[in-house]
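# Chains, contacts and geometry: an overview
Here are the chains, one letter per residue:
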Amino acid sequence: MSEKTTEKTTGVAIDDPGRAEEGVVRSGENAKRESVSDEKASEEKVRAKKVRQEKVGEDKESKISVAEAPPLLVSSTSPHVHGTETVPKIMWTVFVCLLPATAVGVYRFGMDAAVVLATCVGSAIIFEAVIQRLFKKEVTVSDGSAALTGLLLGLNLPAGCPIYVCLVGSLVAVGIAKAVFGGLGHNPFNPAITARVFLLISFPVALTTWPLTNQQVREGGPPVQYFGSRTTWKDSGGRVLKQDSANAEKIDVVTGATPLPAVKNDYKKGSLSHINYMDLFLGNQPGCIGEISALALLLGGLVLLLMGYITWHIPLAYLFTVALIASVTHMIDPGRYAGPLFHWFTGGLMIGAFFMATDYVTSPVYPKGKLLFGLGLGLLTMLIRLWGGYPEGVSFSILLMNAATPLIDRFTRPKKYGLKRWAGAQQGGN
Amino acid sequence: MRSVTFPGGIHPDYEKEPVASRTIRESTVPERIVIQMTQHVGAPCRPLVKKGDKVKMGQLVGEAAGFVSAPVHSSVSGRVISVDRAPHPLGMELPSIIVEPDGEDEREFMEPIENPLDEDPKILKERVKDAGLVGMGGAAFPTHVKLSPPPDKPIDTVLFNGTECEPYLTADDRVMREMPNRVLKGMQIAAYILGLREGVVCIETNKPEAIEAISKECESFPGFRVQPLEVKYPQGGEKQLIQAVFGREVPAGGLPMDCGVMVFNVNTCGAICDAVYEGRPLITRITTVTGHGVQTPANLRVRLGTSISHLLDQCGGFSREPGKVILGGPMMGVAIHDLSVPVLKSVGGVLVQPRDEVLDQGYGPCIRCGNCVRACPMRLIPNELGNYAEKRLWEEAEDRDLMDCMECGCCTYVCPAFRPLIHFIRTARAKVHEKRSKK
């Protein structure tokens, strides 16, 4: 009987007296738990399973009771099941969807790009872990959020960007843009873009030194008219060299202008007439590592859309607004303003529309808000691209719209169930 | 016929097999029956017997205390061994009558009504009330109250809810498959009491046998038809069901009767039939014992007051180490910690989750993915409600339509950060109720 009482005190007392007696009888059998659960008849199996799986000291080994001990049950609020979505799954899926663009970047720019990407991803993970450790928070780098931030930052830098610049960028992204505000879910601005803009202002030369793609170098550079006089041949020390047979050995990197400033500043040289859209679409253009190939980005973005990780609202509203403004301006002055396809396939628009503007934390939650957000992005981007001081405006417009997100959310909340009127509706209760 | 549905909602794993294809069997009578005085929404019953009294099967043992209340009856004949507090599924001990069955099953039923459709609806309504009927889909709202809409709310349609959208449960499915005649007779009476001759039986398309059985039976019940529905949770919610079938939204803060509709569960209809044609009060119900933690899942006809442990024993007990025992389905059911609690009128299922299936996941911050907003069938903003409640900003949550939540759990199910949104929302609602009652 003493065994009985110990069981009762540890477990939750249940059941009628009749069964309790039965239990005591069974406890006298001194049967071992394992053998009972495997071999005995089903009713006894039940009782065996019901024995709470508690650790029994070695001295009590022989006294393991197959008594009427109820299981210790978990009690919690409903629901008791969960869907398959998790934060790490979302983050790593986005990461994987960026891999086509990453691959194109490495293919087009070679090892220089790979080094920048590896530095950014690795340092972002390490910085996040260190910061979380320092602030005595749970280290959550395995959720993929830091890796994704690092990858996005790397993809938004030019190949050959100095390593120390990459490291500063990672630190700004993970430490200042994210951790300072409270970590995942609390940052008002997209960390990767915040870091990129920080670097653009702090290291303007490094951030606007655009290596030509391998293919362009092989073909002796892009058409001069297209890129004006900006194509430069540099040696490993960064000194500008003349391209002739005497210097051929010393040339380390060939840089040029990206299409956007070329068109913006040199339109009088007729650069618009030399646009090869297929080059732009496939990523044969100078630019940030991850932004050059619209094809690769569309591919990744489409997968995200089909898997339901992003909705169509932001990308579509963004691309549509850009196309609309580009079409109108192009129609007004085709010699000066490029058409919608050019604006779609150059600069950071594709990566911005599918991967940066759709960042959950910093974009509106509700459908109407997302449309507004995309519209705002398109307006700002085109404003900067066509008439602003910078050739490219995707980063700035995303940051500006990030700031507007709480306001947008506030005014675009869905109307709750039961406010829609239907014919013959009666007045509701209270 | 084209199947319909409502916007929002989720598609959980339904796991209705293998128990869905098992016929209902009779549960054995336990050695003790615990008749809780609180088995419904509303005032608890007043016990009418005392220790030592002999009771008969079907005898009134607890009288309704007020209009929104439902009497309780003894489900066995035997001797009252105590009138005391006993564990209730809600977690506390509540007044109950404990009866020791004598195995005789001596009956004391009410007078059967042979031709109910010739009677005054008032008599039938009175019968439903005396039989202690409540909504058996889980809400346990007294049925006679629903059958008494105020005169300024005319009812033009009755829906019969056979959606059974909760995963695992099959009690409604089995009842429709095995007793379509009984169910439709009950529906006919419910409609008749409301002054109607027709009704729509709503069944999700994952129950083709039930759809077939009821459709066939409808041929002998003119005015009644089956409406197939797409499979989605929480389609069985009254407001979602009405939206799915008619595209109408029940006005915010209102009841289905505000848009001229009344909804009854199919098991309730079966019980209405018993109460009227046999004079049998609500003393048994069909309960599904299921889940991966049960040896042989089964659909049992259970006497109310049977302990959960007795039911589990009849199903071969646990197959693996149990983690949670849930009364109801996995989305809205109550996880109990004490297996001696009795089956109540509203317990349509006992779900055993093995220890290894129990969610034991910490939660992270909201990443604003919007999954909960898309899933919410009430078009609320669970993300913000959860954030406010977590920060104890009850009033802000109240301003964001906190009280319109029906706690279906969709938001929590889809949350990738595993945020216990429903828990947050429930806490906030309790605080708001507290504040309101103080005023």
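Residues numbered from 1 in each chain as written. Chains lettered and ligands numbered in written order. Predicted model: local features only at pLDDT ≥ 70, side-chain atom pairs only at ≥ 80, totals over all residues.

Further remarks concern the overall build of chain B. Along the backbone of chain B there are 13 helices and 17 strands. For chain B, the C-alpha radius of gyration of 21 Å lies close to 22 Å, the compact-globule estimate for 439 residues. Structurally, chain B occupies a C-alpha span of about 60 × 50 × 45 Å along its principal axes. Within chain B, the proportion of its 439 residues that are buried is 60%. Within chain B, contacts between residues separated by at least 24 positions form 72% of all contacts whose residues are at least 6 apart in sequence. (Helix = DSSP H or I, 4+ residues; strand = E, 2+ residues; numbered from the N terminus. Rg over C-alpha atoms; globule rule 2.2 N^0.38 Å. Buried ≥ 20, exposed ≤ 12 C-beta atoms within 10 Å, placed from the backbone. Contact = placed C-beta atoms within 7 Å.)

Looking only at helices and strands, one finds 21 helices and three strands in chain A. Per-residue burial for chain A yields a buried fraction of 45% across its 430 residues. Pairs at least 24 residues apart make up 71% of the contacts formed inside chain A by residues separated by at least 6 positions.

It is worth spelling out the packing of helix α3 (residues 171-178) of chain B against helix α5 (residues 208-218) of chain B at this point. All names here are of chain B. Where α3 contacts α5, the axes come no closer than 8 Å and their chain directions differ by 40°. Put simply, α3 runs oblique to α5. Seen along the crossing, α3 lies across α5 with a hand that is left-handed. When α3 is examined against α5, the residues D173, M176 and R177 are found in contact with a partner set consisting of E209, A210, A213 and I214. (Axes fitted to C-alpha atoms, helices over the stretch in contact; angles between N-to-C directions. Parallel < 35°, antiparallel > 145°, perpendicular 65-115°, else oblique. Left-handed = near helix turned anticlockwise from the far one by under 90°.)

Between chain B and chain A, the contact holds 69 residues from the first and 50 residues from the second. Only α8 (308-314), β15 (322-327), β16 (334-336), α9 (371-375), α12 (410-414) and α13 (421-438) of chain B provide two or more residues apiece to the side of chain B that touches chain A. Here the side of chain B that touches chain A takes five residues from β15(B), the largest share from any one element. Of the residues that constitute the side of chain B that touches chain A, the class distribution is 36 nonpolar, 18 polar and 15 charged. (Nonpolar A, V, L, I, M, F, W, Y, C, P; charged D, E, K, R; others polar.)

Residue and element names in this part refer to chain B. Read across the open sheet, the four strands follow the order β2-β8-β7-β4; overall the sheet is antiparallel. Where the open sheet ends on each side, the last strands, each with one partner, are β2 (33-36) and β4 (54-55). Relative to strand β8 (residues 93-101), strand β7 (residues 78-87) is paired through nine bridges, and the arrangement is antiparallel. Residue pairing for β8: P87 is matched across the bridge by E93. (Pairing = 2+ DSSP bridges.)

Attention shifts here to the pairing of strand β10 (residues 199-204) of chain B. Residues and elements named next belong to chain B. Here β10 lies mainly inside the structure; five of its six residues are buried. The pairing of strand β9 (residues 157-162) with β10 spans four bridges and is classified as parallel. Counterpart to L159 in the pairing with β10 is V200. In this view, the connection linking β10 to its parallel neighbour strand β11 (residues 224-229) by way of α5 has right-handed handedness. (Right-handed = clockwise from strand over helix to strand, strands pointing away.)

This part is about the sheet that holds β9(B). Residues and elements named next belong to chain B. Taken in spatial order, the four strands line up as β11-β10-β9-β12 in an open sheet, and their pairing is parallel. Edge positions in the sheet fall to β11 and β12 (261-265), since each has one partner strand and no second. Direction aside, neighbouring strands of the sheet carry axes that sit 25° apart on average. Packing of α5 onto the sheet brings it into contact with β9, β10 and β11, and relative to β11 it is tilted by some 160°.

Right, let's get into the environment of K370(A). Residues and elements named next belong to chain A. Here K370 is to be found in helix α20 (residues 367-387). Along the chain, K370 and D409 lie 39 residues apart, while their C-alpha atoms are 8.8 Å from each other. The contacts of K370, once residues within four sequence positions are left out, are T311, H313, I314, S363 and P364.

This brings us to the domain arrangement of chain B. When the domains of chain B are assigned, the result is domain 1 (30-109 + 281-357), domain 2 (116-278) and domain 3 (371-438). One C-alpha centre belongs to domain 1 of chain B, the other to domain 3 of chain B; they are set 31 Å apart. (Domains from an automatic or database assignment.)

Next up on the list: the confidence of the model for chain B. For chain B, the mean per-residue pLDDT works out to 93, and 100% of the residues sit at or above 70. Across the assembled chains, the prediction reports ipTM 0.89 with pTM 0.85. (pLDDT = per-residue confidence, 0-100.)

The axes of two packed helices give the description: the angle between them and the distance between them. Residues and elements named next belong to chain B. Where helix α1 (residues 121-130) meets helix α4 (residues 180-193), the closest approach of the two axes is 9 Å, and the angle between their N-to-C directions is 120°. Viewed along their axes, α1 and α4 adopt a mutual orientation that is oblique. Two packed elements cross with a definite hand, and for α1 against α4 that hand is left-handed. Between α1, through P121, L124 and K125, and α4, the contact on the second element is made entirely by I189, Y192 and I193. When the residues that make up the contact of α1 with α4 are grouped by side-chain class, the tally is five nonpolar, no polar and one charged.

Residues and elements named next belong to chain A. Tracing the backbone through its elements, the reader meets K137 in the loop between α7 (111-134) and α8 (145-155). Residue classification places K137 among the exposed positions, given that 12 C-beta atoms sit within 10 Å. With 28 residues separating them along the chain, K137 and V165 place their C-alpha atoms 27 Å apart.

Bringing the pairing of β15(B) into the picture now. All names here are of chain B. Taking burial as the measure, the six residues of β15 include six buried ones, the bulk of the element. Strand direction decides the pairing type here: β15 and β16, joined by three bridges, are antiparallel. Residue pairing in the sheet places L327 in a bridge with V334 of β16. Adjacent in sequence and paired antiparallel, β15 and β16 are bridged by six residues, among which G328 carries a positive phi angle near 105°.

Looking now at unusual backbone geometry. Residue and element names in this part refer to chain B. Omega for the peptide link from E17 to P18 comes to 5°, which places this bond in the cis form. Relative to the helices and strands, P18 is located in the segment before β1 (25-26). Following Y233, the chain continues into P234 via a peptide bond in cis, with omega recorded as -5°. Along the chain, P234 falls in the loop between β11 and α6 (238-246). With a phi close to 40°, E164 is a non-glycine residue in the positive phi region. Of note, Y168 is a non-glycine position whose phi angle comes to about 75°, a positive value.

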